[in-house]
Amino acid sequence: MNGDRAALLARVTEALRVPAPLHHEKPSKPATHSVTAPFREWLPPVGASPAEQVALFAKQSEVLRTEFLECPSPEAAAQHLGKLAQGHGWKRLAMHRGRLADTVAASLPGSLELLRIDGGYEKNALEACDAGLTECESLVAQTGSVCVTARSSGGRALSVLPPHHIVIASRGQMVPDLAAAYEHLAGKYGATYPSFISFISGPSRTGDIERILVLGAHGPKKLTVLLMP
Amino acid sequence: MISAPEPSTQFHTDADRTTADEPRRAAVRKALGNYKVARGKTESAFTSWEHARDAAAAIKYEGVNHLDKYLREFEEKFTARGGKVFWASNSAQAREYILGLARERGVKSIVKSKAMTSEEIHLNDALEKEGYAVVESDLGEFIQQLMHEPPYHFVFPCMHLKREEISALFERELGSAKTDSPEELTMIARRFMRRHYIDADMGISGGNFIVAETGMISITENEGNARLTTALPKIHVALIGIEKMVPKLADLALLLPMLATAGTGQHLTCYNSMYGGPRQPGELDGPEEFHVVLLDNHRTRLLADPEQRDALHCIRCGACLNVCPIFKNIGGHAYGTTYQGPIGSVITPHFRGLQDWKHLSGASSLCGACTEACPVKIDIHHHLLHNRRNAVQEQKVWWERLIWFGYVELMKRPWAFKIAMRLAPLGQKLHALVLGTRLDPVGAWTKTRAFPQAAAQSFHDYWQERKAARK
Ligand code: SF4
């Protein structure tokens, strides 16, 4: 059953018989030469070198209140996580399997209970975790965003249900902008995209009450991005 | 049953009442002032915001003007990945489909993330009438649900409420303790909602974009409630207007930052998620079923009007409301529509009848602030004029025509005009007798404005006199 498909499509085709003028307003001068991606000419500028991009990501993270840290090694990353665990009194950390995630997990303090969700999970058990650790597809310098997908980041819920989301990334994953992040996905997956792709820009937030910013609306209250070489 | 007042009567009564509510207006003004500052800052970070607008308009033009082609492409790609598409011509079909699905799958509880389309088709009422528990998970929508009030603004649903009011509401409805901290209020809602995400067996969302190329829908949000709604329940239903179409996935690289900039002054909204089908083989969670309900509900009527077709380019950022002097003064509820503000005034007459809703197009100063603010360059304020013109052409008003006829006849004859000018001061004296009473023929005007005094001597007479003196 697909409803009123034929009738609806017929109405659309009929409605479009008379073409509409392209713009009611005059386009800006000089006229736009292309309306296809990557749109870089008009979006906020991003430096070309990796160092500039990391610096921009760090700057955007500050605005977004993401904790962003460059770690020289997996051990250093694990050490930082150990500090966070102690500071916030974490008991359980949920994670998925992955090359980067596993190297960091190997050096985590033994007192931290790990919930590995690769074989599936119980929703309540995941909800009870203090933090969720994931890898990502890419980091977007222009907007300070983390691109996660169902394939690369342990499904859909791991990066949003626990109150603290930790992202482990490597320097090579930094891309300048959203267009580059989409290019990367297209190159990696072709036509078989993961069913879920998300750009995460900072911890969850709301301004619904008197337009005052509050972090941790329904998703994570904190977001930590650890960048390794 | 008391019958509802005519839309235009309701509009006038409500607008009168809300403009008199000075404290509420001040609060709305303050919030929108902050928006303006934030947006200005983000917009100026663009290398060229104006060119970005051109490109965004062109993308939406392509999507809307080849909608049939792209709808088919979307359907093909989306169903190939196990998604189900339902085509709804009107709200009844959309409601019936979702209700039927809930019945068939034995759904018990439903969690919803923000969807203006669901307000449009009154989905919650329909579901609740059938006994389903439905919870709005977006904080603002949740508050409005508890208030039993429609959203005040389609991006900021409860911007008109003060924290004391929300605290009192939560105290009454959720039994929470009194607080004046927005943070604590947010946490009350967070704690309340967690259970619902986990227990719900159906998640209903809206959608900001439909991507033809890859068969995806895209959802923009700040809170993470839409992500939870679409991650945990075993059925996901997205209710989305057909006009949300964009041709390519990479088009979002432009539209997402522009939506955020124009909507809230953010560089990018906190979560921008693209959903292409239910859980795929090899993925470890996600819904088993994903249904996209494509809603027409009179959108094709607007599509058939080439002059105003670009109104379907709207990405619902809310910018035109935020800058509108009318919205700032009368507020969102006075409109009596699902979509408030300038864009609502443009599209509602197409969706719900021109004669019933033409008064909204009249309620505009035509300052053009909306058109200037629009990220996809919709010619909003001219469309208000088009609606006015169409309304008159469709249903001529005899007394207006009579007045214009008289005016033309008068202007054609200088001698008649001169006499009329001489009589004007006398006419004003007579008018003064009925001013402020119900006999005043131009009472609607003089209620809030003073009529300028006619000069004792007309300009024409003055000029002649001056010329004579010079000689
Ligand atoms: S008409 Fe333009 S400004 Fe208004 S909500 Fe739509 S996209 Fe935004």
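From a predicted model like this one, the values you see are computed outputs, not experimental measurements.

J.: Looking at this structure, how should I read the overall build of chain A?
T.: Per the secondary structure count, chain A includes six helices and 12 strands. Overall size of chain A, expressed as C-alpha extent along the three principal axes, is 70 × 50 × 45 Å. Residues counted as buried form 54% of the 229 residues belonging to chain A. Put simply, 71% of the contacts in chain A that link residues at least 6 apart link residues at least 24 apart. Here chain A displays about 9,400 Å² of accessible surface, and carbon together with sulfur accounts for 55% of that area. Within chain A, one finds 23 positive and 21 negative side-chain charges whose respective centroids are separated by 3 Å.

J.: I tried to follow the overall build of chain B on my own but got confused; where do I start?
T.: Looking only at helices and strands, chain B has 23 helices and 10 strands in total. For the C-alpha atoms alone, the extent of chain B along its principal axes is close to 100 × 55 × 50 Å. Going through the 471 residues of chain B one by one, you find that 57% of them count as buried. Nonlocal contacts in chain B, meaning residues at least 24 apart in sequence, comprise 74% of its contacts between residues at least 6 apart. As displayed, chain B has an accessible area near 20,300 Å², and 58% of this comes from carbon and sulfur atoms. In chain B, 59 side chains carry a positive charge and 55 a negative one; their mean positions are 8 Å apart.

J.: Mind showing me how you'd approach the pattern of salt bridges here?
T.: Close approach of charged atoms allows side chains of opposite charge to pair. Residue and element names in this part refer to chain B. A complete count under the given rule lists 35 salt bridges over all chains for this structure. The partner of arginine 413 in a salt bridge is glutamate 409, and the shortest N-O contact between them spans 2.9 Å. Looking at arginine 413, the relative accessible area reads 30%, which means it is partly exposed. Note on glutamate 409: relative accessible area 22%, which makes it partly exposed. Several salt bridges converge on common partners, so that one network encompasses Glu120, Glu243, Arg299 and Arg316.

J.: Would you mind showing me how to read the sheet that holds strand E5 (residues 209-211) of chain B here?
T.: Hydrogen bonds between backbone groups are what pair the strands of a sheet, and the pairing can be parallel or antiparallel. One open sheet accounts for eight strands, arranged E8(A)-E5(A)-E6(A)-E9(A)-E9(B)-E6(B)-E5(B)-E8(B); its pairing is mixed. Where the open sheet ends on each side, the last strands, each with one partner, are strand E8 (174-175) of chain A together with strand E8 (245-246) of chain B. Relative to E8(A), strand E5 (residues 138-140) of chain A runs parallel, the two being bridged by two bridges. Counterpart to Leu139(A) in the pairing with E8(A) is Met174(A).

J.: What is the right way to look at the packing of helix H1 (residues 7-19) of chain B against helix H17 (residues 354-362) of chain B in this model?
T.: Working note: a packed helix pair is described by the angle between its axes plus the distance between those axes. Residue and element names in this part refer to chain B. It is the contact of H1 with H17, at a shortest axis distance of 8 Å, that shows an interaxial angle of 30°. The orientation of H1 with respect to H17, classified from their angle, is roughly parallel. Contact residues: Pro7, Ser8 and Phe11 in H1; Asp356, Trp357, His359 and Leu360 in H17. For the contact of H1 with H17, the residue count by class is four nonpolar, two polar and one charged.

J.: What is the right way to read the domain arrangement of chain B from this model?
T.: Accessible area lost on assembly of the parts is the figure often given for the size of an interface. Domain annotation of chain B identifies domain 1 (45-297) and domain 2 (416-470). Look at where the C-alpha atoms of domain 1 of chain B and domain 2 of chain B centre, and you get two points 57 Å apart.

J.: I would appreciate a short explanation of the side chain of Asp310(B) in the present structure.
T.: Within the element layout of this structure, Asp310(B) appears in the loop between helix H13 (299-303) and helix H14 (319-322). Notably, Asp310(B) is buried but unbridged: the nearest opposite-charge side chain belongs to Arg309(B), and the N-O separation is 8.8 Å.

J.: What is the right way to read the site of the ligand from this model?
T.: Lining the immediate environment of the ligand, one finds 14 residues, of which Cys314(B), Cys317(B), Gly318(B), Cys320(B) and Cys374(B) sit closest. Partitioned by chemical class, the residues of the shell around the ligand number 12 nonpolar, one polar and one charged.

J.: Please clarify how helix H21 (residues 414-434) of chain B should be interpreted in this entry.
T.: Side chains that are three or four residues apart share a direction in an α-helix, a result of its 3.6 residues per turn. Residues and elements named next belong to chain B. Relative to the 30 Å expected for 21 residues at 1.5 Å per residue, H21 spans 30 Å between its end C-alpha atoms, a close match to the ideal helical length. Within H21, the axis deviates most sharply at alanine 424, by approximately 40°, and proline proline 425 lies no more than four positions further along. As for H21, its buried residues are in contact with helix H20 (398-412) and helix H22 (443-446).

J.: Would you take a moment to explain the pairing of strand E6 (residues 145-149) of chain A for this structure?
T.: Side chains on a regular strand alternate between the two faces of the sheet. All names here are of chain A. Burial runs high along E6: five of the five residues are buried. Burial along E6 is two-sided: the face carrying Ser145, Cys147 and Thr149 and the face carrying Val146 and Val148 are both buried. Of the pairings in the sheet, the one linking E5 to E6 comprises three bridges and is antiparallel in character. When the sheet's bridge partners are listed, serine 138 is paired in E6 with cysteine 147. As judged from the four bridges shared by E6 and strand E9 (residues 196-200), these two strands associate in the antiparallel manner. Within E9, the position partnered with valine 148 by the bridge is serine 198.

J.: Explanation requested: the interface of chain A and chain B in the structure shown.
T.: Across the boundary between the two partners, chain A contributes 85 residues, which contact 111 residues of chain B. It is Arg156(A), Ile209(A) and His218(A) that lose the most area in chain A upon contact with chain B, and together they represent 10% of the buried surface on that side. Where chain A packs against chain B, one counts five salt bridges. Linking Arg11(A) and Asp296(B) is a salt bridge whose minimum nitrogen-to-oxygen distance equals 2.9 Å.

How each quantity is defined
Residues numbered from 1 in each chain as written. Chains lettered and ligands numbered in written order. Predicted model: local features only at pLDDT ≥ 70, side-chain atom pairs only at ≥ 80, totals over all residues. Heavy atoms only, no water. Helix = DSSP H or I, 4+ residues; strand = E, 2+ residues; numbered from the N terminus. Buried < 20%, exposed > 50% of the residue type's maximum accessible area, 1.4 Å probe, protein only. Contact = heavy atoms within 4.5 Å. Areas by Shrake-Rupley, 256 points an atom, 1.4 Å probe, with all protein chains shown as cover. Lys, Arg positive; Asp, Glu negative; His and termini not counted. Charge placed at Lys NZ, Arg CZ, Asp CG, Glu CD. Salt bridge = Lys/Arg side-chain N within 4 Å of Asp/Glu carboxyl O. Pairing = 2+ DSSP bridges. Axes fitted to C-alpha atoms, helices over the stretch in contact; angles between N-to-C directions. Parallel < 35°, antiparallel > 145°, perpendicular 65-115°, else oblique. Nonpolar A, V, L, I, M, F, W, Y, C, P; charged D, E, K, R; others polar. Domains from an automatic or database assignment. Near = heavy atom within 4 Å. Expected span 1.5 Å × (residues − 1). Bend = angle between axes of the 7 residues up to and from the residue. Buried area = accessible area lost by both parts, 1.4 Å probe.

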